[in-house]
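Per-entry structural report
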Amino acid sequence: MSEAYQVKLEAFEGPLDLLLHLINKYEIDINDIPVAQITEQYMHYIHTMQKLDLNIASEYLVMAATLVAIKSQMLLPKQEIDEEMDEYVEDPREELMHRLIEYRKYKDAAEKLKQKEEESSHLFTRSPVIFEELTQSPQKVVKGELTIYDMLGALGKMMERKKWKEPLETKVQRAEIPIEQRMDEVIELVRDRREGVYFDELFTYQSRTHIVITFMALLELMKSRKVFCEQERHFDALLVHYMEE
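What counts as what
Residues numbered from 1 in each chain as written. Predicted model: local features only at pLDDT ≥ 70, side-chain atom pairs only at ≥ 80, totals over all residues. Heavy atoms only, no water. Helix = DSSP H or I, 4+ residues; strand = E, 2+ residues; numbered from the N terminus. Contact = heavy atoms within 4.5 Å. Areas by Shrake-Rupley, 256 points an atom, 1.4 Å probe, with all protein chains shown as cover. Salt bridge = Lys/Arg side-chain N within 4 Å of Asp/Glu carboxyl O. Buried < 20%, exposed > 50% of the residue type's maximum accessible area, 1.4 Å probe, protein only. pLDDT = per-residue confidence, 0-100.

Looking only at helices and strands, one finds seven helices and three strands in the chain. Listing every helix and strand of the chain by position from the N terminus yields α-α-α-α-α-α-β-α-β-β. Contacts spanning at least 24 positions in sequence make up 72% of the contacts within the chain whose residues lie at least 6 apart. Summing over all exposed atoms, the chain offers an accessible surface of approximately 17200 Å²; the carbon and sulfur share of this is 51%.

Below you can see the structure in the form of structure tokens.
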């Protein structure tokens, strides 16, 4: 059954995007990256993707190998250098840091352009019209600030807490769950809970099929602006809310 749910998500923008997410999350200085820590966290995300049978692009695996190689170089004993020769010793992290700095520069520029596009899309011109029936101003739409990596990280932690390293397979042949059906179930659950639903509560069954379909359903609902996720502080539990019309 797991083969029927092998998917590739377009929301994953690439290994540099994941590394930048980790740097921001753990408040790491991009010019002095702790390679051991960032490698461990990066591999945690990769393993979570593999448990869900997500098709991981080869570039993610290449970056994983690069991080391991840099980590190995950092562990090698440093050779003593004669100060009079003033020999320059290249930092194994240097190329990666330059790539991340450049990527962040273009990512920030793209985000600003996206904001300008959204602002311009809200501008309309038309002849004056009096709307006497409208007495209340429309509510401002609340946007979730969490990324797909935050959700993937929360899913990985949940699987560790519940010891779902290898999701159990049922002996009873079950019908495949349509993603539309699971989306309706999630909507019904969060609509009735004004205070929000904890992310873990959506994953009620210990099976790979249920985990993957629920995760995909949640992403589709967020994409269509029917629900949004929030997190008060880093590492806190995620809350899923119904987005009011």
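Under the defined criterion, the tally for this structure stands at seven salt bridges. Residues Lys107 and Asp17 are paired through a salt bridge, measuring 2.8 Å at the closest nitrogen-oxygen approach. Placement of the pair is Lys107 in helix H4 (residues 94-121) and Asp17 in helix H1 (residues 15-25), with a sequence separation of 90 residues. Here Lys107 falls in the partly exposed class, since its relative accessible area comes to 32%. Arg182 is paired through a salt bridge with Glu185; the nearest N and O atoms lie 2.7 Å apart. Within this pair, Arg182 and its partner Glu185 are both found in helix H6 (residues 179-191), separated by three residues, close to a single helical turn. Accessibility expressed as a relative area gives 9% for Arg182, which makes it buried. The class of Glu185 is partly exposed, set by a relative accessible area of 32%. Here the salt bridges do not stand alone but share partners, grouping Asp32, Asp91 and Arg93 into one network.

Moving on: the confidence of the model for the chain. Should pLDDT be low for a region, the predicted coordinates there are not to be read in detail. Scored by pLDDT, the chain comes out at a mean of 78, with 73% of its residues at no less than 70. Segment residues 1-8: pLDDT under 50, and 19 contacts once partners within four positions in sequence are set aside and those in other chains are kept. Across residues 133-143, where pLDDT falls below 50, the model places seven contacts with residues more than four positions away in sequence or in other chains.

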